[in-house]
Amino acid sequence: MGAVDARLGSRLAELRAEHGWSLDELAERSGVSRSTLSRAERAEISPTAALLNRLCAVYGRTMSQLLSEVEAAPAPVVRADAQPVWQDRASGFVRRSISPPHPALRGELVEARLDAGADIAYDRPPVAGLEQHLWVLEGALEVTAQDTVHRLGSGDCLRMRVWGPTRFRCAAAEGVRYLLAVVRP
């Protein structure tokens, strides 16, 4: 495991302690097994996007907020080589935090890539009512939100508030790359 995974594990353990929850309580609240939570906190595994999403929902954070807490403090200018990259190898998801969260700002920018055939489902938003603007840069993406399927091609933009489950499926043989603007309510 890398340094980011180790810091992420420590931060997850800190968040659980701040809430005064046992692993069993967190497992019940998140729907993630106690053993998986324990292994993630000890950085024995690299958490998947779906696992992090569940934990973010319990802790009332966006994924970018959580990941920014384990990175260096955000600066006004984020140089390309300093933009944190995180990947979920199991699902073929790579996310670059172009403009990480900052305490004085509500928005952030994320560049995301999904491999061909990648299919990621989130059972709930990390923060209810989260505003998202998704702009497809290359490829095709199918996004399901509020039981509506949106088929997006290069140049298309989907604007939405996220209240329930969402699904992101790469509909392009060569993968998809998109920009995601996230605005906290």
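That block above? That's the structure.
Just so it is clear, the structure is predicted and the values come from calculations on it, not from any experiment. Starting from 1, residues in each chain are numbered consecutively following that chain's sequence as written. It should be noted that, the model being predicted, local features are given only for residues of pLDDT at least 70 and side-chain atom pairs only at 80 or more, the latter also being counted only at that level, while totals for whole chains, interfaces and linings use all residues. The side-chain values count all of the structure's non-hydrogen atoms but skip hydrogen atoms and water molecules.

Asks: Where do I start with the side chain of Ser-91 in this structure?
Replies: Note on conventions: DSSP H or I runs of at least 4 residues are helices, E runs of at least 2 residues are strands, and numbering of each starts at the N terminus. Within the secondary structure, Ser-91 sits in the loop between β1 (85-88) and β2 (93-99). Identification of polar contacts relies on pairs of N or O atoms within 3.5 Å, with a donor-acceptor requirement for protein atoms, meaning one able to donate a hydrogen and the other able to accept it, and with residues adjacent in sequence counted only if both atoms are side-chain atoms. One polar contact links Ser-91 to Asp-88, side chain to side chain, over a distance of 3.0 Å. In this structure Ser-91 touches Ala-118 and Ile-120, once residues within four positions along its chain are discounted. Contacts: residue pairs with any heavy atoms within 4.5 Å of one another.

Asks: What's the story with the pattern of salt bridges in this structure? I'm lost.
Replies: Each reported salt bridge corresponds to a side-chain nitrogen of Lys or Arg within 4 Å of a carboxyl oxygen of Asp or Glu. Inspection of the entire model under this criterion finds 16 salt bridges. Of the charged contacts, one joins Glu-18 and Arg-11 as a salt bridge, the two residues approaching to 3.0 Å between their closest N and O atoms. Note on Glu-18: relative accessible area 54%, which makes it exposed. For Glu-142, the salt bridge goes to Arg-169, with nearest N and O atoms at 3.2 Å. Separated by 27 residues along the polypeptide, Glu-142 in strand β6 (residues 140-145) and Arg-169 in strand β9 (residues 166-170) bring together distant segments of the chain. Ionic contacts of the salt-bridge type, sharing partners, join the residues Arg-96, Glu-111, Glu-138 and Arg-177 into one network. The buried label goes to any residue with under 20% of its type's maximum accessible area, the exposed label to any with over 50%, and the partly exposed label to all in between, with areas taken from a 1.4 Å probe on protein chains only.

Asks: What should I look at first to understand the sheet that holds strand β7 (residues 148-153) in this one?
Replies: Spatial strand order, β4-β9-β6-β7: four strands in an open sheet with antiparallel pairing. Here the strands that pair on one side only, and so sit at the sheet edges, are β4 (119-122) and β7. Ignoring which end each strand starts from, the neighbouring axes of this sheet average 15 degrees apart. DSSP bridges decide pairing: two strands pair if at least two such bridges lie between them. For β6 and β7, the ladder comprises six bridges, and the chain directions are antiparallel. Across the sheet, residue Val-143 finds its bridge partner in β7, namely His-150. The axes are straight lines fitted to the C-alpha atoms, using for helices just the contacting stretch, and the angles between their N-to-C directions are given from 0 to 180°.

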